[in-house]
Amino acid sequence: MKLSNIELRRIHLELVTPFRTSFGEQTAREILLIGVTSDDGTVGWGECVAMSEPLYSPEYVAGVETVISEFIAPRISQRGDLIAGDIAEILKPIKGHQMAKAAIEMAVLDAELRIQGINLHARFGGSRATIPSGVSVGIFSSIDALLSAVQGYVDDGYARIKLKIEPGWDIEPVRLVRELIGPEMGLQVDANTAYTRRDFEHLRQLDAYDLLLIEQPLDTDDLLGHRDLAAAIDTPVCLDESIESFVQAEDAIAIGAAEIINIKPGRVGGYLEAVRIHDLCVANGIPVWCGGMLETGIGRAANCALAALDGFVLPGDISASRRFYSRDIVLDPIEVNSGEVAVPSAPGLGYDLDSDFLESITTSVQHLSL
Ligand code: OSB
Ligand code: MG
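Just so we're clear, the structure is a prediction, and the values are computed from it rather than from any experiment. (Residues numbered from 1 in each chain as written. Chains lettered and ligands numbered in written order. Predicted model: local features only at pLDDT ≥ 70, side-chain atom pairs only at ≥ 80, totals over all residues. Heavy atoms only, no water.)

Quick word on the coordination of the magnesium ion (ligand 2)
Then step 1. Coordination of the magnesium ion (ligand 2) by the protein involves D190 (OD), E215 (OE) and D240 (OD), with metal-donor separations of 2.0 to 2.3 Å.
Then step 2. Taken in sequence order, the residues that donate to the magnesium ion (ligand 2) follow the motif D-x24-E-x24-D. Highlighted residues: E215 in strand β8 (residues 214-215) and D240 in the loop between β9 (237-239) and α9 (246-255), separated in sequence by 25 residues. Each member of the pair E215 and D240 is classed as buried. (Donors = N, O, S within 2.8 Å, 3.2 Å for Na, K, Ca; no water. Helix = DSSP H or I, 4+ residues; strand = E, 2+ residues; numbered from the N terminus. Buried < 20%, exposed > 50% of the residue type's maximum accessible area, 1.4 Å probe, protein only.)

Written out as structure tokens, the structure reads:
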């Protein structure tokens, strides 16, 4: 297809409850949506996972808008006819900016699949129609508040709990949550880089609580630290922030720094690279699971298709829409039933936009003619 227009649409969504991690607290999500229109009039949407500030990764919403309008759109325009599978190669000269590239590829993929009348799940070939749903639980100001939130998610039927941790909020909350949910339920922790190589003895205390994994305890660039930690503790070490490409996944696996990998399509430059990393992990016996970035129904729909692939052997951060938002921008927001979410099957990424609501929460729109 040939694209005639790229739309950059910023939306503002309030969170139902503040979400605090070791890198900051969010009470709302500023999200950049990318709309592409093909020459036959088909529209596809991509959801960029960058946050407002560069606290999780170097990318941020305003920066993504700039890199798309100044560097990505001209290259796509110059290329002319293309398919989603060409985007990574067209954009390769631009260093980094995985989230911006992923969002464009996602929008083109949506348009391409809509033209073909097939769904992303069918294109990826995953065999499951439903996938287990995990929930990510933030840091609270009191243990009581944490425990009542976790109990609520247990009552909602989630298949596993992920607790955000940081120094001062780790061993004791984990101990009490394990006591609350019992020995059978899947429990894991995510530090978002809050620890250092001096914390191995401390983190070893987590081994007592039968965790599925500890996610990204050390700095993004500290692969050797993660290798050494993996050797020092029993809890499997999982990488999130550190894996921004297929080659980084290969390296981390080769040196023993990644016993498990959290795959986030936005962080690795797109869904097609995410599938390649999944295949690499399967070939190396590395379990993977699908991470989340507080996506709306657009991003969650695509994450479901990815997480339906066989190598995704652990529940993903694919919680119900209502876990973060009181109203979604899609008409059929994701729901959790008996711990599972249904993988969408409609053409494209598989969502249907709630256009009126989308308009009402739009804070800016920019059109780039190609
Ligand atoms: O580290 O997995 C993370 C949200 C924003 C940024 C980073 C992370 C997260 C989550 C959210 O844990 C999970 C979700 O979207 O449900
Ligand atoms: Mg994480």
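Examining helix α3 (residues 98-116)
Then step 1. The terminal C-alpha atoms of α3 lie 26 Å apart, and with 19 residues this matches the ideal 27 Å at 1.5 Å per residue to within 8%.
Then step 2. A large share of α3 lies buried, amounting to 16 of its 19 residues.
Then step 3. Downstream of α3 by a residue or two, G117 has a phi angle that is positive, lying close to 70°. (Expected span 1.5 Å × (residues − 1).)

Considering the layout of surface pockets
Then step 1. Its volume calculated, the largest pocket comes out at about 420 Å³.
Then step 2. Lining the largest pocket are 17 residues, and of these A88, K92, K101, V268 and E273 sit closest to its centre.
Then step 3. Partitioning the lining of the largest pocket into residue classes produces 5 nonpolar, 5 polar and 7 charged.
Then step 4. Taken together, domain 1 (3-117 + 353-369) and domain 2 (121-342) each give at least three residues to the lining of the largest pocket, which thus spans both.
Then step 5. In this structure, the second largest pocket spans a volume of roughly 300 Å³.
Then step 6. Around the second largest pocket sit 16 residues that line it, and D332, P333, I334, P344 and G350 are the ones nearest its centre.
Then step 7. Contributing elements (two or more residues each) for the lining of the second largest pocket: α11 (297-307) and β12 (340-342).
Then step 8. With 3 residues, the single largest contributor to the lining of the second largest pocket is β12.
Then step 9. Of the residues contributing to the lining of the second largest pocket, the split by class is 9 nonpolar, 3 polar and 4 charged. (1 Å grid on protein atoms, 1.4 Å probe; cavity = no way out; pocket = protein on both sides within 12 Å on 5 of 7 lines; lining within 4 Å. Points joined across faces, edges and corners; volume = space filled by probe spheres on them. Nonpolar A, V, L, I, M, F, W, Y, C, P; charged D, E, K, R; others polar. Domains from an automatic or database assignment.)

Looking at the packing of aromatic side chains
Then step 1. Inspection of every chain in the model, using the stated rule, returns 4 aromatic pairs.
Then step 2. One aromatic cluster is present, formed by F19, F324 and Y325 through successive ring pairs.
Then step 3. When the ring centre of Y351 is taken as reference, the NZ or CZ atom of R114 above it lies at 4.9 Å.
Then step 4. A cation over an aromatic ring shows up here: R276 above the ring of F246, its NZ or CZ 4.4 Å from the ring centre. (Phe/Tyr/Trp six-rings, centres within 6.5 Å; stacked < 30°, edge-to-face > 60°. Lys NZ or Arg CZ within 6 Å of the ring centre and 35° of its normal.)

Digging into the site of ligand 1
Then step 1. Surveying the vicinity of ligand 1 reveals 19 residues, the closest of which are S136, D190, N192, L294 and R300.
Then step 2. S136 places a side-chain nitrogen or oxygen 2.9 Å from an oxygen atom of ligand 1.
Then step 3. Contact between ligand 1 and K162: an oxygen atom at 3.0 Å from a side-chain N or O atom of the residue.
Then step 4. For ligand 1, whose unbound accessible area comes to 390 Å², protein coverage reaches 100%.
Then step 5. Because more than half of its atoms lie within 2 Å of the grid, ligand 1 is assigned to the largest cavity.
Then step 6. Its residues assigned to classes, the shell around ligand 1 shows 7 nonpolar, 4 polar and 8 charged.
Then step 7. Counting residues domain by domain, the shell around ligand 1 receives three or more from each of domain 1 (3-117 + 353-369) and domain 2 (121-342). (Near = heavy atom within 4 Å. Polar contact = N/O pair within 3.5 Å; in protein donor to acceptor, adjacent residues only side chain to side chain. Areas by Shrake-Rupley, 256 points an atom, 1.4 Å probe, with all protein chains shown as cover. Sits in = over half its atoms within 2 Å of the grid points.)

Regarding empty space enclosed by the protein
Using a probe with the size of a water molecule, rolled over the atoms, empty space left in the structure can be pinpointed.
Then step 1. Applying the stated criterion to the full structure yields 4 cavities of 30 Å³ or more.
Then step 2. In this model, the largest cavity occupies a volume close to 180 Å³.
Then step 3. Along its surface, the largest cavity is lined by 22 residues, and F19, K164, G292, M293 and L294 are the ones closest to its centre.
Then step 4. When residues of the lining of the largest cavity are assigned to their parent elements, the largest contribution, 3 residues, is made by strand β5 (residues 134-137).
Then step 5. Considering only residue class, the lining of the largest cavity consists of 8 nonpolar, 7 polar and 7 charged.
Then step 6. There are two domains that each give the lining of the largest cavity at least three residues, and those are domain 1 (3-117 + 353-369) and domain 2 (121-342).
Then step 7. For the second largest cavity, the lining is made up of 13 residues, of which E47, V49, P265, G266 and Y271 are closest to its centre.
Then step 8. At the level of elements, α3 and α11 are the ones that each hand at least two residues to the lining of the second largest cavity.
Then step 9. Along the lines of polarity and charge, the residues of the lining of the second largest cavity split into 7 nonpolar, 3 polar and 3 charged.

Considerations on the domain arrangement of the protein
Then step 1. As far as domains go, the protein holds domain 1 (3-117 + 353-369) and domain 2 (121-342).
Then step 2. For domain 1 versus domain 2, the separation of C-alpha centres amounts to 23 Å.
Then step 3. Across the contact, 36 residues belong to domain 1 and 41 residues belong to domain 2.
Then step 4. When the two sides are added together, the surface that domain 1 and domain 2 hide from each other amounts to roughly 3400 Å², 65% of it contributed by carbon and sulfur.
Then step 5. Counting the surface domain 1 buries against domain 2, the share from its top three residues, F19, R20 and Y56, is 21%.
Then step 6. R20 is the partner of E166 in a salt bridge, and the nearest nitrogen-oxygen pair spans 3.1 Å.
Then step 7. Linking domain 1 with domain 2 are 17 residue pairs in polar contact (both at pLDDT 80 or more), by the criterion used here.
Then step 8. Looking at the side of domain 1 that touches domain 2, the elements that each hand over two or more residues are β1 (3-21), β2 (24-38), β3 (43-48), α3 and α12 (355-360).
Then step 9. Taken together, the residues of the side of domain 1 that touches domain 2 sort by class into 22 nonpolar, 6 polar and 8 charged. (Contact = heavy atoms within 4.5 Å. Buried area = accessible area lost by both parts, 1.4 Å probe. Salt bridge = Lys/Arg side-chain N within 4 Å of Asp/Glu carboxyl O.)

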